[in-house]
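# Summary of structural features
Here's the letter readout for the chains.
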Amino acid sequence: MKTIIVPTDFSSVSLNAVHYALDMAVSIDAEIILLDTFTPPVSYSDGPVSPVTTISIDEITKSSEAQLKDLKDELNRVSEGQVKFYTEARIGNTVDVLEDMCSSLKPFSVVMGSHGSTGVERLIMGSTTLSVIRHLRHPVIVVPPGTQYKQIRKIGLACDFKDVAETIPAEYIKNIVQEFVAELFVLNVNEDGETYDEETPLESAWLDTLLGNIKPNYYFLKRDDVVEGINEFSETHNLDVVIVIPKKHNLLERIFHKSRSKELVKHAHIPILSIHE
């Protein structure tokens, strides 16, 4: 049974990601683990300790478990029993908890909203999600606010055609394309004035070999800005998800942080699938 892990802080954005994961789970016959992480309260005092009201770890845990149960009950009602749900209330850093769970469970994917309840609306990526993408070695799907799941039939792969054999997680890409019976669109956006360089034909041949019977469509674009090129292509070709490899030229940071000045993805509603090398 495939497993999808969905961290939630019960904000509207994270709940939207939960419902996205639910519809995906129905599509691919997966189970869902709802995860809430929290850190224990820390108190400081320079003088004698005076009687104060504190919240114990047990109280925080019980509150988290109660919220998770309510969410699980609601999802069971909505899904009419099509999906199995499990809940986890864990103390600790979200990245560390996810790493521990993913190492043992080997999930199909982690699904997260693009900012949490404490995030500022104008920021596309919250610190927790960005930290997970940077450090978690397992696939993470980032769902923009308001995005609803639809059948994944067109998958994009942002690729710079540099050291393809060493950097492209071909097996996972093959598996996910086959799982969704989707088309794969390999997109290269070049800022240097040329659509591709002399190494590109060899690197694309390597990629073809690695992908086996997956026959991708290749697109080479010349744009002043790589991120704008990816977003433009994704919108015009109706991609359902775009695969990005985090270490590739800090592309994820450019996607999610340039928006402060350009509102880069203001109208984008395309999930990002982050996979490490």
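Residues numbered from 1 in each chain as written. Predicted model: local features only at pLDDT ≥ 70, side-chain atom pairs only at ≥ 80, totals over all residues. Heavy atoms only, no water.

## With respect to a negative patch on the surface
Cut-off, in case you're wondering: Patch criteria: residues need more than 30% relative accessible area and no salt bridge. Like-charged residues are merged within 9 Å; nonpolar side chains of Val, Leu, Ile, Met, Phe, Trp and Tyr are merged within 5 Å. Computed by Shrake-Rupley with a 1.4 Å probe, the accessible areas treat only the displayed protein chains as cover when residues are assessed. Within this document, salt bridges are pairs made up of a side-chain nitrogen of Lys or Arg and a carboxyl oxygen of Asp or Glu, the two lying within 4 Å of each other. Charge assignment in this entry is limited to Lys and Arg as positive and Asp and Glu as negative, and neither His nor the chain termini are counted. Working definition for charges: the position is that of NZ of Lys, CZ of Arg, CG of Asp or CD of Glu. Each helix is a run of DSSP H or I of at least 4 residues and each strand a run of E of at least 2, with the numbering of both proceeding from the N terminus.
A surface patch of like charges, here negative, comprises Asp163, Glu166, Glu198, Glu199 and Glu277. Structurally, glutamate 198 can be placed in the loop between β7 (183-190) and α7 (200-211).

## Some details on the pairing of β7
Condition: Note on classification: 1.4 Å probe, protein chains only; a residue is buried when its accessible area is under 20% of the maximum for its type, exposed when over 50%, partly exposed between these limits. Strands pair, by our definition, only if DSSP identifies at least two bridges between them.
Along β7, seven of the eight residues are buried, which leaves the element largely enclosed by surrounding structure. Of the pairings in the sheet, the one linking strand β6 (residues 154-158) to β7 comprises five bridges and is parallel in character. Bridging from a neighbouring strand, leucine 157 pairs with valine 186 of β7. Where β7 and strand β8 (residues 217-222) come together, six bridges link them in parallel fashion. Within β8, the residue paired with valine 186 across the bridge is tyrosine 218.

## What to know about helix α4 (residues 127-135)
Keep this limit in mind: The directions from the helix axis to the C-beta atoms are what the arc is built from.
Inspection of α4 places Thr129, Leu130, Val132 and Ile133 among the buried residues, and these make up the whole buried set. Buried residues of α4, viewed axially, fall in a sector of 155°; they line one side.

## Observations regarding the packing of aromatic side chains
Inclusion rule: Ring pairs are drawn from Phe, Tyr and Trp, using the six-membered ring of Trp, whenever the two centres fall within 6.5 Å, and their geometry is named by plane angle: stacked under 30 degrees, edge-to-face over 60, tilted for the rest.
Summed over the entire model, instances satisfying the criterion amount to seven aromatic pairs. Geometrically, the ring pair formed by phenylalanine 108 and phenylalanine 180 is edge-to-face, given 6.1 Å between the ring centres and 70° between the ring planes. Of this pair, phenylalanine 108 sits in the loop between α3 (94-105) and β4 (109-113) while phenylalanine 180 sits in helix α6 (residues 170-180), placing them 72 residues apart in sequence. Relative accessible area serves as the criterion here: at 2%, phenylalanine 180 is assigned to the buried category. Through a chain of ring-to-ring contacts, the aromatic side chains of Phe161, Tyr218 and Phe220 assemble into a single cluster.

## Comments concerning the nonpolar core
Note that soluble globular proteins tend to have their nonpolar side chains buried in a common cluster. Threshold: Definition of nonpolar core: a set of buried residues of the types Ala, Val, Leu, Ile, Met, Phe, Trp, Tyr and Cys, connected through side-chain atoms within 4.5 Å. Pairs of residues are marked as contacts when any of their non-hydrogen atoms sit within 4.5 Å.
Judged by nonpolar contacts, the single largest core of 47 residues is most densely connected at Ile4, Met24 and Ile32. In terms of residue count, helix α1 (residues 12-28) provides more of this core than any other element does, eight residues in total. Once residues within four sequence positions are removed from consideration, methionine 24 is found in contact with Ile4, Phe108, Ile141, Tyr149, Ile152 and Phe180. Ile5, Leu98, Ile133 and Val244 belong to the second-largest nonpolar core, a separate cluster that totals 28 residues.

## Focus on the sheet that holds strand β9 (residues 241-244)
The condition is simple: To get an axis, a line is fitted to the C-alpha atoms, and for a helix only the part in contact is used. The angle between two axes follows their N-to-C directions and goes from 0 to 180 degrees.
Taken together, 10 strands build an open sheet; the order of strands is β3-β2-β1-β4-β5-β10-β9-β6-β7-β8 and the sheet is mixed. The open sheet is flanked by β3 (85-91) and β8, the only strands paired with a single partner. For this sheet, the mean angle separating the axes of adjacent strands, direction not counted, is 25°. In the sheet, β9 pairs with strand β10 (residues 272-274) via three bridges, with the strands oriented parallel. Counterpart to valine 244 in the pairing with β10 is serine 274. The sheet contacts of α3 involve β1 (2-7), β2 (30-38), β3 and β4, and relative to β2 the element is tilted by about 150°.

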